[in-house]
Amino acid sequence: MLKKGVILINTSRGGLIDTNALISGLHSGIIGGCGLDVYENEGEYFFQDYSSKSIKDERLVAMLGNNRIVMTAHQAFFTKEAIGKIVSTTVENFNNFASGLRGSDLPNSVC
């Protein structure tokens, strides 16, 4: 049970939030406001130019038009530390591949 008027912040994973429940909670007043850096279906929309296109995702349109929601285009990863880790992992992956490692022998393999 949430305290009425709770403020919800999600900068982790979009799928952690039930978007329909979020919208319902905002309409009922259970959720007083929300800050989102992620959205479960963001891949199609974020980092794309939609200035001359219509957004077909009704839930995203509802959230973008709600004055109690602040949304950013998944910027939380864009820190000095995160970018440094991305770069070092990429270099490590390249070096491991160049040394002959393949598939599950690669330390950062996700397959």
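A. Here's a closer look at the overall build of the protein. Helices and strands together make up the secondary structure of the protein, namely three helices and three strands. Starting at the N terminus, the α and β elements of the protein follow one another as β-α-β-α-β-α. A globule of 111 residues ought to have a C-alpha radius of gyration of about 13 Å, yet the protein, at 19 Å, is considerably larger. Once the C-alpha set of the protein is aligned to its principal axes, its extents read approximately 60 × 40 × 25 Å. Residues counted as buried form 26% of the 111 residues belonging to the protein. Here the contacts in the protein between residues at least 6 apart in sequence split such that 63% fall between residues at least 24 apart. A total accessible area of about 7900 Å² is found for the protein, and carbon and sulfur atoms account for 58% of it.

B. The pairing of strand β1 (residues 6–10), seen in detail. Pairing of β1 with strand β2 (residues 31–36), which is carried by five bridges, proceeds in the parallel orientation. Paired with Asn10 across the bridge in β2 is Leu36. Taken together, β1, helix α1 (residues 19–28) and β2 form a β-α-β motif whose crossover is right-handed.

C. Representation of helix α3 (residues 80–98) within the structure. Here α3 spans 27 Å end to end across 19 residues, near enough to the 27 Å set by a 1.5 Å rise per residue. Just downstream of α3 lies Gly100, where phi reads positive at about 105°.

The rules behind each value
- Residues numbered from 1 in each chain as written.
- Predicted model: local features only at pLDDT ≥ 70, side-chain atom pairs only at ≥ 80, totals over all residues.
- Heavy atoms only, no water.
- Helix = DSSP H or I, 4+ residues; strand = E, 2+ residues; numbered from the N terminus.
- Rg over C-alpha atoms; globule rule 2.2 N^0.38 Å.
- Buried < 20%, exposed > 50% of the residue type's maximum accessible area, 1.4 Å probe, protein only.
- Contact = heavy atoms within 4.5 Å.
- Areas by Shrake-Rupley, 256 points an atom, 1.4 Å probe, with all protein chains shown as cover.
- Pairing = 2+ DSSP bridges.
- Right-handed = clockwise from strand over helix to strand, strands pointing away.
- Expected span 1.5 Å × (residues − 1).

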